[in-house]
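Breakdown of the fold
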Amino acid sequence: MKIHLFQQCLIDMFYPHVGMAGVEVLERLGCELVVPKKQVCCGQMFTNSGYNDAAMDAIKNTIECFENAEYVVSMSGSCAFAIRDEYHHFLKDQPEWLARAEKLSGKIYEFTQFITDVLGVEDVGARFNESVTYHTSCHVTRLMGIKEPPFKLLRNVKDINLIELPRADRCCGFGGTFSVKNPEISEVMTREKALEIAGTGANVISGSDQACLMNIAGMLDRLHKEGEIDRRIKVMHIAEILNCR
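Source: prediction; values computed, not measured.

Quick notes on the UniProt feature "domain: Cysteine-rich" (unreviewed entry) in the protein chain
Those places that UniProt annotates as "domain: Cysteine-rich" (unreviewed entry) correspond, in this numbering, to residues 5–83 and 132–216. Segment residues 5–83 splits into 57% helix and 10% strand. End C-alpha atoms: 13 Å apart. Summarising residues 132–216: 48% helix, 13% strand, and an end-to-end C-alpha distance of 15 Å.

Focus on the sheet that holds strand S6 (residues 161–163)
Spatially, the four strands line up as an open sheet ordered S6-S5-S7-S8, and their pairing is parallel. In this open sheet, the two edge strands, each paired with only one partner strand, are S6 and strand S8 (234–237). The average undirected angle you get between the axes of adjacent strands in this sheet is 35°. As judged from the four bridges shared by strand S7 (residues 204–207) and S8, these two strands associate in the parallel manner. Bridge pairing links Val204 to Lys234 in S8.

Focus: the environment of Ala217
Inspection of the secondary structure assignment puts Ala217 in helix H12 (residues 210–225). Overall, the relative accessible area of 27% leaves Ala217 in the partly exposed class. A sequence separation of 19 residues divides Ala217 from Met236, and the C-alpha atoms of the two residues are 9.4 Å apart.

Calculation criteria
- Residues numbered from 1 in each chain as written.
- Predicted model: local features only at pLDDT ≥ 70, side-chain atom pairs only at ≥ 80, totals over all residues.
- Heavy atoms only, no water.
- UniProt positions renumbered as here; feature names shortened; annotations may be inferred.
- Helix = DSSP H or I, 4+ residues; strand = E, 2+ residues; numbered from the N terminus.
- Pairing = 2+ DSSP bridges.
- Axes fitted to C-alpha atoms, helices over the stretch in contact; angles between N-to-C directions.
- Buried < 20%, exposed > 50% of the residue type's maximum accessible area, 1.4 Å probe, protein only.

This is how it looks when you write it as structure tokens:
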């Protein structure tokens with residue numbers, strides 16, 4: 001199966017190892033990957049702040065890069081949601097582009113959703129001997145409606161000790177520009193999330209949205225340095241765990 005990979009700016013620039021892990025998992029499952037060189041930001045960071053006109057070039061570039069793909073797999077749930085569910089709002093007065101956006105929206109999948117729902121795979125052959133808890137990000141879980149795929153995959157990882165995260169449905173406090181515009185509120189939310197993670201006893205926190213994981217990682221590191229958390233907790237995108245052997 002030939003798929004196009006939407007890698008996400010954050011992963012591409014700061015966490016390339018996460019993107020490589022996703023590529024290796026998908027290739028191992030028999031996929032041929034295409035990574036369009038022209039892809040840049042999907043435009044979500046602009047539209048989240050109300051800069052819809054400024055986002056237009058990024059939106060149209062994304063459509064041009066991926067509209068002819070058979071399947072598009074996104075390593076980021078937030079970007080996948082923007083492309084699948086939000087583009088048509090911004091292009092409603094541009095019929096030609098709206099039609100192209102709607103065509104693309106039916107082809108894009110979040111990483112774990114693609115593996116379970118399209119490839120029909122729940123066991124990727126991973127092995128990871130560690131205690132892990134999982135953060136259900138707002139975009140993947142609430143907005144995209146993807147609830148079971150990550151857990152189906154993690155439950156089939158050999159030797160893993162998967163621990164339920166209390167109040168998992170609560171936001172980690174990042175929310176893109178929310179954390180910049182409302183830092184005091186964001187800090188309280190992230191602190192709560194970090195302490196909940198530490199309280200599970202898990203040594204690893206995983207998730208499907210690297211932006212959330214980046215935010216959580218910063219707070220976990222800070223609380224450990226300040227002595228409020230008794231250990232270093234490793235932060236891993238689910239693709240990294242699924243790529244372990």
